[in-house]
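# Summary of the model geometry
Residues per chain, in single letters:
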Amino acid sequence: MCKLWTKLTGVMVMASFVVSDIALAAGEKASPLVIVADTRRLTGWEAWFANLYNESHVYFTLLTVITIPVVGVILGLIADLVMSHIGIDLKSRELAEH
Amino acid sequence: MDWLYVLMPISGVTVFWPGLVILGVGVGIIGGFFGMGGAWMVTPGLNILGFPMAFAIGTDIAHMAGKSLISTMRHGRFGNVDYRLGFIMLIGTVVGFEVGAQMIMWLERLGKVELYVRWMYVVLLILIAWMIFSDVVKKRKKEREARAAGMDVEKLATGIEWHKTLHKIKIPPVIHFKAAGFYCSAWLPIFVSFLTGWLAGILGIGGGLIRMPALIYFIGCPTHIAVGTDLFEVMISGLYGAATYTYKGRTELLAALIMLVGAAVGAQIGTVATKYIKGYGIRIAFGVAVIGCCISIIMKLIPRYIAGTKVAMDITSTVLILGLVGALSLYIFIKMLQGAREEIAVRKGKT
């Protein structure tokens, strides 16, 4: 079963890369557009952030893909704490249609 | 009041940040409650706040991944996510999306892709709305008949029961979906997700709007499980979408994070509200959202046939979408508050 899931996950990851190319090809042909962040007005972390974007979209993508779930989990846990503090049961519910 | 505005380092636009938080809360509530990403609500909202369209789409997808993760965590703890069903459906979704994208290429060669897609979307949404409301009518009729016979209706009884017929097709492998509570051929969810993925590929949408009712009416998931399982799929596709859009340089990460702060609160409210609103309450509210979405698309089509109405229709459809998001969020929030208050009162009464 474990092997099957590993294979399925592998196929899905591969397919997701293939699908993206086909999906993009499906859209209208866009003229090549390069967006460059203007760093002249920026200082500190903002300048670092914009420079990272300008220098490498790969690193910027990695930063995004790691940051979003991590921040999501942290914010979710904080909201959990607040909700639990109010006194709501956050682990069970009654399954009913009406 | 300069502190209310923040400069987005990548796109270079200055944005009213409380607007991002409010948008995050609204879509968090609705996404957590209905089990969908809600790109059709957020993208126009971000565009209004000042983001160029490409950044509006990329930023929306990045925030959607985080928001769906929060909602899926909560739904998972409630037992609302059937992970096995979610993984199996991913296969059909990916393949279906590819076929849909190929069809768009073919339609593009015909030169009428946008018009066909919009009309197809309208027809599809009308069908979904019809399905939901005829289901509600049938369920009420069953309830009346049961009451007249002096009997009670089962907790999970529904009006439309197409899934019962589909479950009789026993092509191997037949799998037990524990959380959803039924046995069926694995080919049924694969086929249904292929169809929903194909439609999503053609329409250029995430697919939650189609997948949620498909999970209920064709696969037979109880409403709460359909919401949770759909969110699980939205989370995975959202993460992939965030990666691909960011790689193309169209994501404003700072805006996504600000929205996520609001969405963390909204997603909890929306998800916890499913604890207090029964399945048919969710279905009816979803039907209302579908009708609103359909009207907004029809408004986008009107200028094609009546000249000089573009500006008015654009403004009206945006107001309609944002008004609908606001009204539905308020309804869900009030129901959640009422439910929580009752639960806390019962608990206090016991201790």
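Residues numbered from 1 in each chain as written. Chains lettered and ligands numbered in written order. Predicted model: local features only at pLDDT ≥ 70, side-chain atom pairs only at ≥ 80, totals over all residues. Heavy atoms only, no water.

## Remarks on the overall build of chain B
Stated precisely, the cut-off is as follows: The way it works is that DSSP assigns letters per residue, a run of H or I at least four long becomes a helix, a run of E at least two long becomes a strand, and they are numbered from the N terminus. Our radius of gyration looks at C-alpha atoms and nothing else; its globule reference is 2.2 Å times the residue count to the power 0.38. Relative accessibility decides the category of a residue: with a 1.4 Å probe and only protein chains considered, values under 20% of the type maximum give buried, values over 50% give exposed, and everything between is partly exposed.
For chain B, the helix and strand inventory stands at twelve helices and four strands. Against the 2.2 N^0.38 benchmark of 20 Å for 351 residues, chain B shows a C-alpha radius of gyration of 21 Å, consistent with a compact globule. Projected onto its principal axes, the C-alpha coordinates of chain B cover approximately 65 × 60 × 40 Å. Across the 351 residues of chain B, 57% fall into the buried class.

## Brief notes about the confidence of the model for chain B
Residues and elements named next belong to chain B. The line we're drawing: The quantity known as pLDDT measures the predictor's confidence residue by residue, on a range of 0 to 100.
Per-chain confidence: chain B averages 87 in pLDDT, with 99% of residues scoring 70 or above. Mean pLDDT values for the elements of chain B range from 78 in helix 2 (residues 39-49) up to 92 in strand 3 (residues 174-177). For this predicted complex, the interface confidence score (ipTM) comes to 0.79, while the overall pTM stands at 0.83.

## Side note on the environment of Ile 258 of chain B
All names here are of chain B. This is how it is decided: We call two residues contacting when some pair of their heavy atoms lies within 4.5 Å.
With respect to the element layout, Ile 258 can be found in helix 10 (residues 253-276). In this structure, the C-alpha to C-alpha distance between Ile 258 and Leu 328, residues 70 residues apart in sequence, is 22 Å. If we skip the residues at most four places from it in the chain, Ile 258 touches Val 6, Met 8, Trp 17, Leu 20 and Val 21.

## Points about the interface of chain B and chain A
To keep things clear, this is the line we draw: Buried area: the accessible area, evaluated with a 1.4 Å probe, that two parts lose upon being put together, summed over both parts. The term salt bridge refers to a side-chain nitrogen of Lys or Arg lying within 4 Å of a carboxyl oxygen of Asp or Glu. In protein, a polar contact requires one atom able to donate a hydrogen and another able to accept it; more generally it is a pair of N or O atoms within 3.5 Å, and residues adjacent in sequence count only if both atoms are side-chain atoms. For this scheme, ten residues count as nonpolar: Ala, Val, Leu, Ile, Met, Phe, Trp, Tyr, Cys and Pro. Four count as charged, namely Asp, Glu, Lys and Arg, and the remainder, Gly too, count as polar.
Facing 70 residues of chain B, the contacting portion of chain A comprises 58 residues. Each partner contributes to the roughly 5,700 Å² buried at the junction of chain B and chain A, and carbon and sulfur atoms together form 70% of this total. At the junction of chain B and chain A, the tally comes to two salt bridges. In this structure, the connection of chain B to chain A is made through eight residue pairs in polar contact (both at pLDDT 80 or more). Secondary structure elements with two or more residues in the side of chain B that touches chain A: helix 3 (53-78), helix 4 (83-110), helix 5 (113-148), helix 9 (223-247), helix 10, helix 11 (279-305) and helix 12 (310-350) of chain B. A per-class count over the side of chain B that touches chain A returns 41 nonpolar, 13 polar and 16 charged.

## Quick notes on the confidence of the model for chain A
Residues with a pLDDT of 70 or more make up 65% of chain A, whose mean pLDDT is 73. Ranking the elements of chain A by mean pLDDT puts helix 1 (residues 2-26) of chain A last, at 50, and helix 3 (residues 57-86) of chain A first, at 89.

## With respect to the pairing of strand 4 (residues 182-185) of chain B
Residues and elements named next belong to chain B. Cut-off, in case you're wondering: The criterion for strand pairing is that DSSP finds at least two bridges linking the strands in question.
Of the pairings in the sheet, the one linking strand 3 to strand 4 comprises four bridges and is antiparallel in character. Its bridge partner being in strand 4, Ile 175 is matched across the sheet by Cys 184. A loop of four residues connects strand 3 with strand 4, the two strands running antiparallel in sequence, and Gly 181 in this loop sits at a positive phi of about 80 degrees.

## A closer look at the packing of aromatic side chains
Residue and element names in this part refer to chain B. Here is the rule we go by: For this analysis, a ring pair means two rings from Phe, Tyr or Trp (six-membered ring only for Trp) whose centres lie within 6.5 Å, classed as stacked if their planes differ by under 30 degrees, edge-to-face if by over 60, and tilted for the remaining angles.
If you walk through the whole model with that rule in mind, you get 13 aromatic pairs over all chains. Taking the centre distance of 5.5 Å and the plane angle of 50 degrees together, the rings of Tyr 5 and Phe 16 count as tilted. Here Tyr 5 is found in strand 1 (residues 5-7), whereas its partner Phe 16 is found in strand 2 (residues 14-16), with eleven residues between them in sequence. On the numbers, 5.8 Å between centres and 20 degrees between planes, the contact of Trp 162 with Phe 218 is stacked. Note that Trp 162 is positioned in helix 6 (residues 162-167) and Phe 218 in helix 8 (residues 208-219), a separation of 56 residues in sequence. On the accessibility criterion, Trp 162 (31% relative accessible area) is partly exposed.

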